[in-house]
Amino acid sequence: AVSPHADDRDVLVIQIVGKKRWTVYGGVPIHYPYSHEQVGKCGLEVPEWVLEGGTVVNCVLEAGDVLYMPRGFVHEARAVSDEMSFHVTVALATQDWTLGGLISSELV
């Protein structure tokens, strides 16, 4: 299982074994967050209005399926059954390609 959180980069989720239900929420609490701004991580809670709002994706990934997750979107995952379920996350460090990312890395 993956608790609700947002990442500081775009990610590709690749389901390797079993099935997992993915929920992606429509409300984005921090647009284009940097690593210290990731809600659900670093001591920052996901705002209730995000979890109570609508979803943009609610699907079950099966072995071989891929899901693209944009930076800043809150998401969570749950195994569909008691069977083994395993996914791999490929992180695309998009923030590192921006002037803001360069300046932020120099100031932090």
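What you are looking at is a predicted structure, and each value in this text was computed from that prediction instead of being measured.

## Concerning the pattern of salt bridges
For step 1, the next point in the chain: Counted under the stated rule, the structure contains three salt bridges.
For step 2, the next point in the chain: In this structure, aspartate 7 and lysine 41 form a salt bridge, with 2.6 Å as the shortest nitrogen-oxygen distance. Taken together, the positions of aspartate 7 in the loop between strand 1 (2-5) and strand 2 (10-17) and lysine 41 in the loop between strand 3 (19-25) and helix 1 (48-52) put the pair 34 residues apart, joining distant regions of the chain.
For step 3, the next point in the chain: What makes lysine 41 partly exposed here is its relative accessible area of 30%.

## Remarks on the sheet that holds strand 4 (residues 55-62)
For step 1, the next point in the chain: If you walk across this open sheet you meet the four strands as 1-6-3-4, and the pairing is antiparallel. Only two strands of the sheet have a single neighbouring strand rather than two, namely strand 1 and strand 4. The mean angle between the axes of side-by-side strands here comes to 15 degrees, regardless of whether they run parallel or antiparallel.

## A look at a nonpolar patch on the surface
For step 1, the next point in the chain: Together, Ile16, Val17, Tyr68, Met84, Phe86, Val88, Val90 and Leu92 make up a nonpolar patch on the protein surface, roughly 670 Å² of accessible area in all.
For step 2, the next point in the chain: Within the residue set of the nonpolar patch, elements represented by two or more residues are strand 2 and strand 7 (86-92).
For step 3, the next point in the chain: Sorting elements by how many residues they give to the nonpolar patch places strand 7 first, with four residues.
For step 4, the next point in the chain: Of note, tyrosine 68 is situated in strand 5 (residues 66-69).

## A word on the packing of aromatic side chains
For step 1, the next point in the chain: Counted under the stated rule, the structure contains zero aromatic pairs.
For step 2, the next point in the chain: In this structure, arginine 71 is placed above the aromatic ring of tyrosine 34, and the distance from its NZ or CZ to the ring centre is 5.3 Å.

So, how was this worked out
- Position numbers for residues count from 1 along each chain, tracking the sequence in the order it is written.
- Local features in a predicted model are, by the rule used here, given only for residues with pLDDT of at least 70; side-chain atom pairs are given and counted only at 80 or more, and totals for whole chains, interfaces and linings are based on all residues.
- Only hydrogens and water are set aside; all other atoms, that is, all heavy atoms of the structure, feed into the side-chain values.
- Salt bridge criterion: a side-chain nitrogen from Lys or Arg within 4 Å of a carboxyl oxygen from Asp or Glu.
- Put simply, DSSP H or I for four residues or longer makes a helix, DSSP E for two residues or longer makes a strand, and each gets a number counted from the N terminus.
- For every residue, the accessible area (1.4 Å probe, protein chains only) is compared with the maximum for its type, and the residue is labelled buried under 20%, exposed over 50%, or partly exposed between those bounds.
- Here, any two strands with at least 2 DSSP bridges between them count as paired.
- The convention used is that axes are lines fitted to C-alpha atoms, helices contributing only their stretch in contact, and that angles between N-to-C directions extend from 0 to 180 degrees.
- In this scheme, patches are assembled from residues that exceed 30% relative accessible area and form no salt bridge. Like charges are connected within 9 Å, while nonpolar side chains (Val, Leu, Ile, Met, Phe, Trp, Tyr) are connected within 5 Å.
- For every accessible area listed, the method is Shrake-Rupley and the probe measures 1.4 Å; residues are considered covered only by the protein chains on display.
- A pair of aromatic rings is counted whenever rings of Phe, Tyr or Trp (Trp by its six-membered ring) have centres within 6.5 Å, and the orientation is called stacked for planes under 30 degrees apart, edge-to-face for over 60 and tilted otherwise.
- In our convention, an over-ring charge means Lys NZ or Arg CZ found within 6 Å of a ring centre and within 35 degrees of that ring's normal.

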